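A structural walkthrough
Letter by letter, the chains look like this.
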Amino acid sequence: MSRLKIAAGNWKMNKELEEALDITRTLANSSRPTDVLTILGAPYPFLKSLVDQTLYVDHLDIAAQNCHHKVSGAYTGEVSVDMLDSLGVQYVIVGHSERREYFSETDDMLAEKVNLLLAKQMIPIFCCGEPLEIRKAGNHESHVGSQVSNALFHLSPEQMKEIIIAYEPIWAIGTGETASPEQAQEMHASIRDLIKDQYGSEISEMIPILYGGSVKPSNAKEIFSQPDVDGGLVGGASLKADDFLEIIHSF
Ligand code: PGA
């Protein structure tokens, strides 16, 4: 069964509005493969403009990089799922390692975020990944497995089908060091197996699992060619339209 191929960018806390509009315009006006969905993970203040800019552009969608885990209320400075929904945002990155590390996001909070998003028919891009010490100790599969099961395995099969997973080894994020294609494949297969054990093979075969961590034009093809790698979540290399386009063309 062929799964959706996805090239998702994560701009993090970079760019100003005009630059963001510029990159988006370039991607919108460039030829892109029709079987690859491109998603741009943009900062909150740009979302409305970018959603409007891409409304009638095929295979190009906008994601928020986060959302709050409560529905609404006295959380000064936070952004709710309902707010994002009201802008027309369809995708939200959930549980990026930088959020887990710098903002103390827990599996329980991520489960709440996922629930709120699915209730609004929005799609979580759920991030997981191990730090270097865990990989060195050989515990990476169980570490990532528990991140996935803790935050997602309360979902019904119908809900689980909607999830996109991004495996991002923390030691490869922004470091220039990439997991080898074999390391990525091994972990993606292990995540897929875990989902299969819980939900059966029909669902496990449907779920796109993206790799993230120093994906760039020079390594994307090899990583994306692995059987269980369905695309990438790309930080640094999504900040330049030309580099990101090359990645989009790497499937
Ligand atoms: P990077 O970031 O591509 O710059 O390593 C990936 C990510 O954090 O999503």
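Preceding this section is the structure that the text describes.
In this text the structure is predicted, and so the values were computed from the model without any measurement. (Residues numbered from 1 in each chain as written. Predicted model: local features only at pLDDT ≥ 70, side-chain atom pairs only at ≥ 80, totals over all residues. Heavy atoms only, no water.)

**Quick look at the site of the ligand**
- Lining the immediate environment of the ligand, one finds 13 residues, of which Lys-12, His-96, Glu-168, Gly-174 and Ser-214 sit closest.
- One nitrogen or oxygen atom from the side chain of His-96 is found 2.7 Å from an oxygen atom belonging to the ligand.
- In the complex, the protein chains occlude 95% of the 280 Å² of accessible area that the ligand would expose alone.
- Its residues placed into classes, the shell around the ligand shows 4 nonpolar, 7 polar and 2 charged. (Near = heavy atom within 4 Å. Polar contact = N/O pair within 3.5 Å; in protein donor to acceptor, adjacent residues only side chain to side chain. Areas by Shrake-Rupley, 256 points an atom, 1.4 Å probe, with all protein chains shown as cover. Nonpolar A, V, L, I, M, F, W, Y, C, P; charged D, E, K, R; others polar.)

**Focus on helix α9 (residues 181-199)**
- Counted at 1.5 Å a residue, the expected span for α9 with its 19 residues is 27 Å, and the 26 Å between its end C-alpha atoms agrees.
- When we look at burial in α9, the residues that qualify are Pro-181, Ala-184, Gln-185, Met-187, His-188, Ser-190, Ile-191, Arg-192, Ile-195 and Tyr-199.
- After α9 finishes, the residue Gly-200 shows a positive phi value of roughly 95 degrees. (Helix = DSSP H or I, 4+ residues; strand = E, 2+ residues; numbered from the N terminus. Expected span 1.5 Å × (residues − 1). Buried < 20%, exposed > 50% of the residue type's maximum accessible area, 1.4 Å probe, protein only.)

**Some points on the sheet that holds strand β5 (residues 123-128)**
- Pairing is parallel in the closed barrel, where 8 strands are placed in the order β1-β2-β3-β4-β5-β6-β7-β8. For this sheet the average axis-to-axis angle between neighbouring strands, irrespective of direction, equals 25 degrees.
- In this sheet, strand β4 (residues 91-94) lies alongside strand β3 (residues 60-64) in parallel orientation, the contact comprising 2 bridges. Residue pairing in the sheet places Ala-63 in a bridge with Tyr-91 of β4.
- Across the sheet, helix α12 (residues 241-248) is in contact with β1 (5-10), β2 (36-42) and β8 (231-234); its angle to β2 comes to roughly 145 degrees. (Pairing = 2+ DSSP bridges. Axes fitted to C-alpha atoms, helices over the stretch in contact; angles between N-to-C directions. Contact = heavy atoms within 4.5 Å.)

**What to know about the environment of Asp-52**
- Relative to the helices and strands, Asp-52 resides in helix α2 (residues 47-54).
- For the pair Asp-52 and Gly-88, spaced 36 residues apart in the sequence, the C-alpha separation amounts to 8.5 Å.

By themselves, these observations are geometric and do not establish any function.
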